[in-house]
Amino acid sequence: MKQSTGEKMFYGLNYAILACAGLLCFLPLLHLASLSLSGKDAVLSGFVYLWPVEWTKDSYNLLFEGTPVVQAFFNNVTITVVGTALSMLFTVLAAYPLSRKVFFGRKFLTLAIVFTMLFQGGLIPTYLVIKQLGLIDSYGALWLPALVSTFNMLIMRSFFENIPDELEEAARIDGCGEWRLLMRIVLPLSLPMIATIALFYGVQYWNAFFNVMIYLNSPEKFNLTVLIQQMIRSQSLVTDMNNLGPEEIVHVTPEGMKAAGVIVMTLPMLIVYPFIQKYFVKGVMIGAIKG
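From a predicted model like this one, the values you see are computed outputs, not experimental measurements.

Tallied over the entire structure, the rule returns 6 salt bridges. Across the pair Lys-221 and Asp-137 runs a salt bridge, and its minimum N-O distance is 4.0 Å. Of this pair, Lys-221 sits in the loop between helix 12 (210-215) and helix 13 (224-233) while Asp-137 sits in the loop between helix 6 (123-132) and helix 7 (140-143), and the two are 84 residues apart along the sequence. Note that Glu-168 is salt-bridged to Arg-172, the shortest N-O span being 3.0 Å. In this pair, Glu-168 and Arg-172 are both assigned in helix 9 (residues 165-173), 4 residues apart and thus about one turn of the helix distant. On the basis of relative accessible area, Arg-172 is assigned to the partly exposed category, the value being 33%. Each of Arg-100, Glu-168, Arg-172 and Glu-178 takes part in salt bridges that share partners, so that together they form one network.

Structure, rendered in structure tokens:
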């Protein structure tokens, strides 16, 4: 359909606003990337903006050699992959029964779950429960409290409820049980929602900070978020690298090292997101029902 002048102006204004919002998010990251790839003199002079000056990788080389960033990265991957898998498993197992109209007591259970969004036990009771379970200084302390997000579960439940009943009836006529219905019909049709919720959980676990500081005591178990935060707060970051010689640390600045750490922490999510984005496109169920 041909767009009217008002519609063209509306869409043009939307594109302009979204472009400005995107630049506001992208430019600070580009500035940090430029700092991390610039030479020491350029960083100290303050003339590094959106493009590296005196291009060098010294900040990254010393970051990987002088800090436990590699160990922290693998800790991040472990926390994120296992945590996201467990959260998705239990979210689906909670959302699917609550979406079935024949499930007895689903309204009461839904209200009980929603109640936890409004009233929670608090930090100290949660810490005492984790301590009694013997999960202090283990990744289980990060996974258990965040196992199921009520908000994400309610979104998935609503999506399951919108799947046409005709699909379920046709599957049951063919002898399909609950587990097979879930695995063969419901989940394949829910790939966009599953990808979205998995992304939410993945970002949550990847950026975990507060729970790591509370429940983990061993520095070798810290993730990138805590390590980078400690680097940013450090007043003597470069001089604390005892395993590096003066001739190596003389070419970098603390600002360049901190910027490199932020880029290392942010880059994996920027790489993963485009591969998940394709599942956000709606219309998966078009043509699922004929007639």
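Having seen it, we continue.
This next bit is on the packing of aromatic side chains. Taken as a whole and judged by the stated rule, the model has 7 aromatic pairs. Considering the side-chain rings of Tyr-139 and Trp-143, the 6.1 Å spacing of their centres and the 55° angle between planes classify their relative orientation as tilted. An identical accessibility class is assigned to Tyr-139 and Trp-143; each is buried. A network of ring pairs unites the aromatic residues Phe-73, Phe-74 and Trp-206 as a single cluster.

Given a rise of 1.5 Å per residue, 32 residues ought to cover 46 Å, and the 46 Å separating the end C-alpha atoms of helix 1 (residues 5-36) matches this to within 8%. If you look at helix 1, its biggest bend is around 25°, right at Phe-26, and the proline Pro-28 turns up within four residues after that. Every buried residue of helix 1 is accounted for by Ser-34, Leu-35 and Ser-36. For helix 1, the secondary structure elements touched by its buried residues are helix 2 (40-45), helix 3 (58-66) and helix 15 (254-277).

Turning to the confidence of the model for the protein, a few remarks are in order. Here the protein averages 82 in pLDDT, and 89% of its residues register 70 or above. Confidence, expressed as mean pLDDT per element, reaches its minimum in the protein at helix 14 (residues 246-249) with 55 and its maximum at helix 4 (residues 69-99) with 92.

Two elements in contact, helix 11 (residues 191-206) and helix 15, have axes whose closest approach is 12 Å; the angle formed by their N-to-C orientations is 175°. With respect to helix 15, the element helix 11 is oriented roughly antiparallel. Between helix 11 and helix 15, the residues in contact are Ala-195, Leu-199, Gly-202, Val-203 and Trp-206 and Met-265, Pro-268, Met-269, Tyr-273 and Ile-276, respectively. A breakdown of the residues in the contact of helix 11 with helix 15 according to their chemical character gives 9 nonpolar, 1 polar and no charged.

Turning our eyes to something else, we now look at unusual backbone geometry. Look at Glu-54: it is not a glycine, yet its phi comes out positive at around 55°. Among the structural elements, Glu-54 can be located in the loop between helix 2 and helix 3. Owing to a relative accessible area of 48%, Glu-54 belongs among the partly exposed residues under this scheme. Phi is positive for Asp-137, which is not a glycine, with a value near 65°.

What follows covers the nonpolar core. Residues Leu-142, Met-156, Phe-160, Val-186 and Val-212 are the most contacted members of the largest nonpolar core, which totals 36 residues. It is helix 4 that provides the largest number of residues to this core, a total of 6 residues. When near neighbours in sequence (up to four residues on either side) are disregarded, Val-212 contacts Leu-142, Phe-222, Asn-223 and Val-226.

Conventions used here
- Residues numbered from 1 in each chain as written.
- Predicted model: local features only at pLDDT ≥ 70, side-chain atom pairs only at ≥ 80, totals over all residues.
- Heavy atoms only, no water.
- Salt bridge = Lys/Arg side-chain N within 4 Å of Asp/Glu carboxyl O.
- Helix = DSSP H or I, 4+ residues; strand = E, 2+ residues; numbered from the N terminus.
- Buried < 20%, exposed > 50% of the residue type's maximum accessible area, 1.4 Å probe, protein only.
- Phe/Tyr/Trp six-rings, centres within 6.5 Å; stacked < 30°, edge-to-face > 60°.
- Expected span 1.5 Å × (residues − 1).
- Bend = angle between axes of the 7 residues up to and from the residue.
- Contact = heavy atoms within 4.5 Å.
- pLDDT = per-residue confidence, 0-100.
- Axes fitted to C-alpha atoms, helices over the stretch in contact; angles between N-to-C directions.
- Parallel < 35°, antiparallel > 145°, perpendicular 65-115°, else oblique.
- Nonpolar A, V, L, I, M, F, W, Y, C, P; charged D, E, K, R; others polar.
- Core = buried A, V, L, I, M, F, W, Y, C linked by side-chain atoms within 4.5 Å.

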